[in-house]
Structure formats: structure tokens, C-alpha cells
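An overview of the molecular structure
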Amino acid sequence: MKIQLDDIGPSKIVHLYAPQIPMRAVVVVDNTARGPALGGIRVSPEVDVEEVYRLARTMTFKSAVADLPHGGGKAGIVADPRRPDIERIFRTFARLIGNLHEYIPAPDMGCNENAMAWVQDEIGRVAGLPGEIGGLPLDKLGATGFGLAESAEVACAYAGIDLRGARVAIQGFGSVGKAAARFFEQKGARLIAVSDSRGGVHDAGGLAVDKLLAVKEQQGTVCASRAGKVIRGEELFQLDCDILIPAATADVIHKENAAGIKARLILEGANIPTTSGAEQLLAERGVLIVPDFIANAGGLIMAAMEYARKNEAEAFAAISEKIRANTRRILDKAQSEGLMPRAAAERIARERVTSAMRHRAYSYS
Ligand code: NAD
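Residues numbered from 1 in each chain as written. Predicted model: local features only at pLDDT ≥ 70, side-chain atom pairs only at ≥ 80, totals over all residues. Heavy atoms only, no water.

**A few points about the domain arrangement of the protein chain**
Accessible area lost on assembly of the parts is the figure often given for the size of an interface. How we decide: An automatic or database domain assignment provides the domain bounds reported here. Any two residues whose heavy atoms approach within 4.5 Å are treated as being in contact. Summed over both partners, the accessible surface that disappears when two parts come together, traced with a 1.4 Å probe, is what is meant by buried area. Here, a salt bridge means any Lys or Arg side-chain nitrogen found within 4 Å of an Asp or Glu carboxyl oxygen. Here a polar contact means two N or O atoms within 3.5 Å. Within protein one must be a hydrogen donor candidate and the other an acceptor candidate, and residues neighboring in sequence count only if both atoms are side-chain atoms. Here the nonpolar group is Ala, Val, Leu, Ile, Met, Phe, Trp, Tyr, Cys and Pro; Asp, Glu, Lys and Arg are the charged ones; every other residue, Gly included, is treated as polar.
Segmentation of the protein chain into domains returns domain 1 (12-55 + 74-135) and domain 2 (143-298 + 326-347). Taken over C-alpha atoms, the centre of domain 1 sits 27 Å from the centre of domain 2. Domain 1 puts 6 residues into the contact, and the matching count from domain 2 is 5 residues. Area buried by domain 1 at its contact with domain 2 is led by Arg54, Leu55 and Met109, which between them contribute 75% of it. Across the domain 1-domain 2 interface, the total number found is 1 salt bridge. Across the pair Asp251 and Arg54 runs a salt bridge, and its minimum N-O distance is 3.2 Å. Linking domain 1 with domain 2 are 1 residue pair in polar contact (both at pLDDT 80 or more). Taken together, the residues of the side of domain 1 that touches domain 2 sort by class into 2 nonpolar, no polar and 4 charged.

Now the structure itself:
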């Protein structure tokens, strides 16, 4: 897939290079008609401009559907996040985007609130700060996992699932996956499988979330857990479960594994985890998918609330209210208009973005 310029963006693609480190990075500002683009910084050796562009577009839609006063953007720093000089990399990146005022950085894969503190220190424009310096630490608080569980409570009724006792499988046990596991357990669901980059564990009878969290913290992988059977990461998608939550990386559900998926409901914790071919196949089989920019908007909503100087309780209330309403709205629209949920959500988002663009001058940043 190439980057496609369409009726809403992207408005800027900025390549950054700091030869003294060396460091390469890219920022895509997709659309700013509704406000400055808010979006995370992804740090990975593999991140490229195409991935950042796709993520930036997702942020445009996510902000619009959540009715936030923000547009969509995203950044990618091409580096291993465990590099010993990672602070220097972040500070350099921050200085290079100092004048790109329409982009507000936030955390994404490979970075956390400490990295946001470095960016704040350099340019004073960031969301997702540590609590000690006025932030709402969205990963620590589990904003996105909380939102996924709120979305599930609404979506289960459409998929014919009782969330109490529902069997849940989660791919990825980082900020999103861990918080999702906690909040789904609180709602009475049963976590039957979880994986990280080194593999996974499965127990049809249910896994204890607190034990998995401790094992991940102490040994770095859920595979070290004695609970359940160790599985290969890819096996997680084929397990007998009711709800599947991809919470790791992009394009992990594809045409080759979609046919074997047994879940009736997929909540996209990760951004763009399902290819469009797989989405079509799953829809034909009656598998309901709540798309990323509806289901995983909790982190973005909390980041926007922090930027607007709201407190933690107000942020959680906003996540619950917005995600529940949006899940219901897009699933109703999908049913009544015979659309896939993603298409229904995209229509709403595009309408909001294009109508905001009508109020803006040619250069609206
Ligand atoms: P993270 O870096 O904290 O965790 C990622 C997890 O995925 C880790 O446990 C890692 O081991 C695992 N992983 C990586 N590759 C894997 C693979 N092939 N199979 C199984 N597990 C694998 O990242 P995160 O913040 O939890 O984000 C996860 C996804 O959710 C990303 O796509 C991100 O863009 C998206 N997302 C995050 C937030 C947020 O609030 N953090 C909000 C919205 C969307």
C-alpha cells in the first residue's frame, strides 16, 4: 500500500534525521481541521513512513468519532526502544519537532510517560506525562484497557455473548493487554489465553490475572508462568474463545489465520491489527469486529483530557461515556445500513472531519 492523498490528508509528512546520533524519524500530520493533531510516538527498528501514515489516519478518525478538539497525527522513531541512549534520542527528536506546532506528541509502543517528560522538558508540548508533573499516566492507569472493557459491555449484546463468564484471549501483554486483562476480569469475564512477543499461555479453565502480571513483571514474559499450557503466539488466534483482543501490533489478523478464528467478537486493542481482506472474511462469517478507533480510544481520550487540564475521575468518566455511546452508535448504524462496523465508523468520522474543514481557511493549521 502506498500513501494515498485523499480529501482529508495527510497534510504534512516530515522526515527527520540527526546525523550526530544517528537517528531517523518521521512525523505524519494527517488532518488538523478539528484542532492540533494528537498522536503517539512509536519507537521501533521497523517503523516506516507508511505505517506512521496509516496510524495518523486512524488518529484523525479516533479523535473525530470521540468528538475531541483534535486532529490526527503520529510519529515514528526508527530505533530499538531499549537503546541505552534513548533519552538523547527523544530529546533530539523533540527539538527537531519544536516548530511543528500542529503536532502534539503522546506515548505509543516503545515509550512511556518518562519519555514524554523529556519531550515536555524540551518543547513544553506533550500529553501523557507522569503524575508528578501534572500528567494522567494513561498506561499506568490502564485507560485503553478500561475503554476496551466498556466497549465490550455494549458490543456483547450485539454478538449474543454474556460478558460474565465470557472466555477472552488477549494477544500482547503490554500497557493495553495488561489493563484489558484486569478490567475484563473485574467485569466477570474469564481470561483463557494471553501472549507476548515470546509466546503465550492457555488454560480453558481461566488464568489468574494478578499472577500473570507478577510473572510478566519479574520474568519479562507470560511464558514463564506455570499456569496453563505454553503455546506459540500464533496459536492464540485459533483457540476456542468468545472474545479476541489483539493488543500488540499491526496486521496480525490476516487472510491466512482469519478462517480459524473461533471468537464471535473481536475488540481491536491494537491499531490496525486486522487486514481489510481478513475483516471481510470475518464479517462474512458473522464475527463482529469493533474497530480500533472506536474500541481503543481510551488512551487518546485520557491524553486529550490531560491536555485540557481535567482530572483522573473526569477522564475515566469521559472514556466510559464516549466509548459506550460510540460502540452502540456504530453497531446500530452498521446493522441498519448493512455496513461493516469499520465502514459505519469511518462514515461518521469523515463527515465530522469534512464538515470541520468547511470552517477552515485553505491553510488551517
Ligand atoms: P506495549 O509496548 O506496552 O506492549 C506491546 C505488547 O505486545 C508487549 O507485551 C509485547 O511483548 C507484545 N507483542 C509484540 N509483538 C507481539 C507478537 N507478535 N505477538 C504477541 N505479542 C506481541 O504497547 P501498548 O501500549 O500495549 O500498545 C499495544 C498496541 O495498542 C499498539 O498497536 C498500540 O498502537 C495500540 N494502542 C495503544 C494505546 C495505549 O494507550 N498504550 C492506545 C491505543 C492503541
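**Quick notes on empty space enclosed by the protein**
Note the threshold: In this analysis a 1.4 Å probe is tested at points of a 1 Å grid over the protein atoms alone, and where it fits but cannot get out there is a cavity; an open set with protein on both sides within 12 Å along at least five of seven lines is a pocket; lining residues have an atom within 4 Å of a point. Grid points are joined across faces, edges and corners, and a volume is the space filled by probe spheres set on the points. Under the DSSP-based scheme used, a helix requires at least four consecutive residues in state H or I and a strand at least two consecutive residues in state E, with every element numbered from the N terminus.
The tally for this structure, following the rule as stated, stands at 1 cavity of 30 Å³ or more. One number sums up the size of the largest cavity: a volume of about 30 Å³. Forming the boundary of the largest cavity are Leu138, Asp139, Gly142, Ala143, Thr144, Gly145, Ser175, Val176 and Ala179. Put simply, the parts of the chain that give the lining of the largest cavity at least two residues each are helix H4 (138-141), helix H5 (143-159) and helix H6 (175-186).

**Remarks on the site of the ligand**
Rule in force here: We call a residue near a molecule or strand as soon as one heavy atom of that residue lies within 4 Å of the molecule or strand. Reported accessibility uses the Shrake-Rupley method at a 1.4 Å probe radius. Residues are deemed covered only where the shown protein chains occlude them.
Taken together, 23 residues form the shell around the ligand, and within it Arg42, Asp108, Thr144, Ser175 and Val176 come nearest. A distance of 3.4 Å separates an oxygen atom of the ligand from a polar atom in the backbone of Gly269. Contact between the ligand and Asn271: an oxygen atom at 3.0 Å from a side-chain N or O atom of the residue. Against a free-state accessible area of 830 Å², the protein chains account for coverage of 82% of the ligand.

**Here we look at the sheet that holds strand S9 (residues 229-231)**
By definition, the strands of a sheet pair up through backbone hydrogen bonds, in either a parallel or an antiparallel sense. To keep things clear, this is the line we draw: The pairing criterion is simple: DSSP has to find at least two bridges between the two strands. All axes here are fitted lines through C-alpha atoms, helices being fitted over the stretch that makes contact, and every angle between N-to-C directions spans 0 to 180 degrees.
A sheet is described by the order of its strands in space; here 7 strands give the open sequence S9-S8-S7-S6-S10-S11-S12, paired in mixed fashion. Looking along the sheet, the strands with just one partner apiece sit at the ends: S9 and strand S12 (288-290). Averaged over all adjacent pairs, the angle separating strand axes in this sheet is 20 degrees, with direction ignored. Of the pairings in the sheet, the one linking strand S10 (residues 243-246) to strand S11 (residues 265-267) comprises 2 bridges and is parallel in character. Bridge pairing in S11 places Ile243 opposite Leu265.

**Section: the pattern of salt bridges**
A pair can form between side chains of opposite charge whenever their charged atoms are brought close. Defined as follows: Each residue is assigned to one of three classes by its accessible area relative to the maximum for its type, calculated with a 1.4 Å probe on protein chains only: buried under 20%, partly exposed between the two thresholds, exposed over 50%.
Applying the stated criterion to the full structure yields 31 salt bridges. Its salt-bridge partner being Glu279, residue Arg342 comes within 3.1 Å of it at the nearest N-O pair. Taken together, the positions of Arg342 in helix H13 (residues 341-357) and Glu279 in helix H9 (residues 276-284) put the pair 63 residues apart, joining distant regions of the chain. Take Arg342: its relative accessible area is 15%, and that puts it in the buried class. Since its relative accessible area comes to 7%, Glu279 is described here as buried.

**Quick look at the sheet that holds strand S3 (residues 37-44)**
Ordered in space as S1-S2-S4-S3-S5, the 5 strands form an open sheet in which the pairing is mixed. Of all the strands in the sheet, just strand S1 (12-18) and strand S5 (103-107) have a single pairing partner and so form its edges. Each adjacent strand pair in this sheet contributes to an overall mean axis angle of 25 degrees, direction not counted. Sheet analysis places S3 next to S5, joined by 5 bridges and oriented parallel. Bridging across to S5, Leu38 finds its partner in Ile104.

**Description of the packing of aromatic side chains**
Put simply, the test is: Stacked, tilted and edge-to-face pairs are distinguished by plane angle, under 30 degrees for stacked and over 60 for edge-to-face with tilted covering the rest, among Phe, Tyr and Trp rings (Trp via its six-membered ring) whose centres lie within 6.5 Å.
Evaluation of the coordinates by the stated rule reveals 4 aromatic pairs. Here Phe90 and Trp118 contribute two aromatic rings whose centre-to-centre distance is 5.9 Å and whose plane-to-plane angle is 50 degrees, an arrangement assigned as tilted. Here Phe90 is found in helix H2 (residues 86-96), whereas its partner Trp118 is found in helix H3 (residues 113-123), with 28 residues between them in sequence. Consider the rings of Phe146 and Phe316, whose centres lie 5.0 Å apart with planes at 90 degrees: the pair is edge-to-face. Of the two residues, Phe146 sits in helix H5 while Phe316 sits in helix H12 (residues 312-337), which places them 170 residues apart along the sequence. Ring pairing ties together the aromatic residues Phe146, Phe183 and Phe316, which thus form one cluster.

**A short note on helix H7 (residues 209-219)**
Using the following cut-off: Working note: the arc is built from the helix axis to C-beta atom directions.
Within the span of H7, buried status applies to Val209, Leu212, Val215 and Lys216. Looking straight down H7, one finds its buried side chains confined to an arc of 125 degrees; they lie on one side. Every exposed residue of H7 that faces more than 90 degrees away from the buried side is listed here: Asp210, Lys211, Glu217 and Gln218.

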